[in-house]
Amino acid sequence: MSRSNSNAAILFARNPVPGEVKTRLQSEWDADTVCKVYEAFLEDARLQLLGLQSTDCFVSIHSLQGRSYFDSFSACGFRVVEQEGADLGQRMRHAFAERFNEGYERVVIIGSDSPTMPVHYLEQAFESKKDLVLGPSTDGGYYLIGMSGKVTEVFEGIDWGTDKVLSSTQEKIKKMGASLSLLPPWYDIDTPADLRFLKTHLDLMQQSGLEGGSTTRRVIEELNL
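### Quick word on helix α4 (residues 119–127)
And step 1. Within α4, burial applies to Tyr121, Leu122, Ala125 and Phe126. For α4, the angular spread of buried residues about the axis comes to 140°, placing them on one side.
And step 2. Structurally, α4 contributes buried residues whose contacts are with β1 (7–13), α1 (31–50), β2 (55–61), β4 (106–110), β5 (132–136) and β6 (142–147).

Here is the structure:
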């Protein structure tokens, strides 16, 4: 599939296999249930990206083996690509580099753990004129990273999986002399406490007429939270 727009949005995802996704939730729910929750996250992330205008959408998956789950993404215009690299930083660096090589001018990556993230945060990321955009997460990481300056070396030397990811990345950007803008903070879902918070948030969103996270809300309503 050829490039249609100058913007590219990439969803980083794992193949939804029971026992291999959102493993920290399995302290309270069985692997099949957790996998259904993750599939709901993926669907809401798909809808988030489809809400963007003039943007080519990608889903970057951990392995092309068993990629049939993502046929529904392909059917609505997503390109399915495989992640490459030994850690998250290498995989994101490769994803950015590939899209820039294809001629995209601004590329944004999001994860699959923020089903209530407002679409206008994505729109802000694409509108930014800075080299890099970060969406800070309350756990010390980030739910979004955008780039136009092709400064993919920003991922080197980051201690992934810690609460220092955001601060370490900001320090690296400062040392590089690149420009940075920050989006409003948001949150990821990793633990049972996070999922309970999400249920409360989704209930209040529904009561106040806000959109977002509808698939996830339907799934977690069935859980005993």
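Here the narrative resumes.
### Observations regarding the nonpolar core
And step 1. One finds Leu11, Leu49, Val59, Leu144 and Leu195 to be the most contacted residues of the largest nonpolar core, which totals 42 residues.
And step 2. Of all elements in the fold, only β1, α1, β2, β4, α4, β6 and α6 (192–207) reach the threshold of two or more residues within this core.
And step 3. If you tally residues by element for this core, the top one is α1, at 8 residues.
And step 4. Discounting residues that sit within four places of it in the chain, leucine 195 has contacts with Leu25, Trp29, Val37, Phe41, Ile189, Ile220, Leu223 and Leu225.
And step 5. Core analysis: the next-biggest nonpolar cluster, separate from the first, contains 26 residues, Phe58, Tyr104, Leu132 and Phe155 among them.

### Let's talk about the pairing of β5
Walk down a regular strand and you will see the side chains alternate between the two sheet faces.
And step 1. Counting buried positions along β5 gives 5 out of 5 residues, so the element sits mostly inside the fold.
And step 2. With burial as the criterion, each face of β5 is covered, one bearing Leu132, Leu134 and Pro136 and the other bearing Val133 and Gly135.
And step 3. As judged from the 5 bridges shared by β5 and β6, these two strands associate in the antiparallel manner. Residue pairing in the sheet places valine 133 in a bridge with glycine 146 of β6.
And step 4. If you look at the hairpin formed by β5 and β6, you'll find 5 residues sitting between the two strands, and glycine 140 has a positive phi there, around 95°.
And step 5. The pairing of β5 with strand β7 (residues 180–182) spans 3 bridges and is classified as parallel.

### Quick word on the layout of surface pockets
And step 1. The calculated volume of the largest pocket comes to roughly 1,100 Å³.
And step 2. Lining the largest pocket are 34 residues, with Lys22, Leu88, Asp113, Asp188 and Asp190 positioned closest to its centre.
And step 3. If you list the elements that add at least two residues to the lining of the largest pocket, you get β1, α3 (88–101), β4 and β6.
And step 4. Per-element tally for the lining of the largest pocket: the top contributor is β6, with 4 residues.
And step 5. Here the second largest pocket defines a volume of roughly 310 Å³.
And step 6. Met117, Pro118, Val119, Glu211 and Gly212 are, among the 17 residues lining the second largest pocket, the residues nearest its centre.
And step 7. For the lining of the second largest pocket, the secondary structure elements donating two or more residues are α1, α4 and α6.
And step 8. Top element by residues in the lining of the second largest pocket is α1. It accounts for 3 residues.
And step 9. Along the lines of polarity and charge, the residues of the lining of the second largest pocket split into 8 nonpolar, 7 polar and 2 charged.

Parameters at a glance
Residues numbered from 1 in each chain as written. Predicted model: local features only at pLDDT ≥ 70, side-chain atom pairs only at ≥ 80, totals over all residues. Heavy atoms only, no water. Buried < 20%, exposed > 50% of the residue type's maximum accessible area, 1.4 Å probe, protein only. Helix = DSSP H or I, 4+ residues; strand = E, 2+ residues; numbered from the N terminus. Arc of directions from axis to C-beta. Contact = heavy atoms within 4.5 Å. Core = buried A, V, L, I, M, F, W, Y, C linked by side-chain atoms within 4.5 Å. Pairing = 2+ DSSP bridges. 1 Å grid on protein atoms, 1.4 Å probe; cavity = no way out; pocket = protein on both sides within 12 Å on 5 of 7 lines; lining within 4 Å. Points joined across faces, edges and corners; volume = space filled by probe spheres on them. Nonpolar A, V, L, I, M, F, W, Y, C, P; charged D, E, K, R; others polar.

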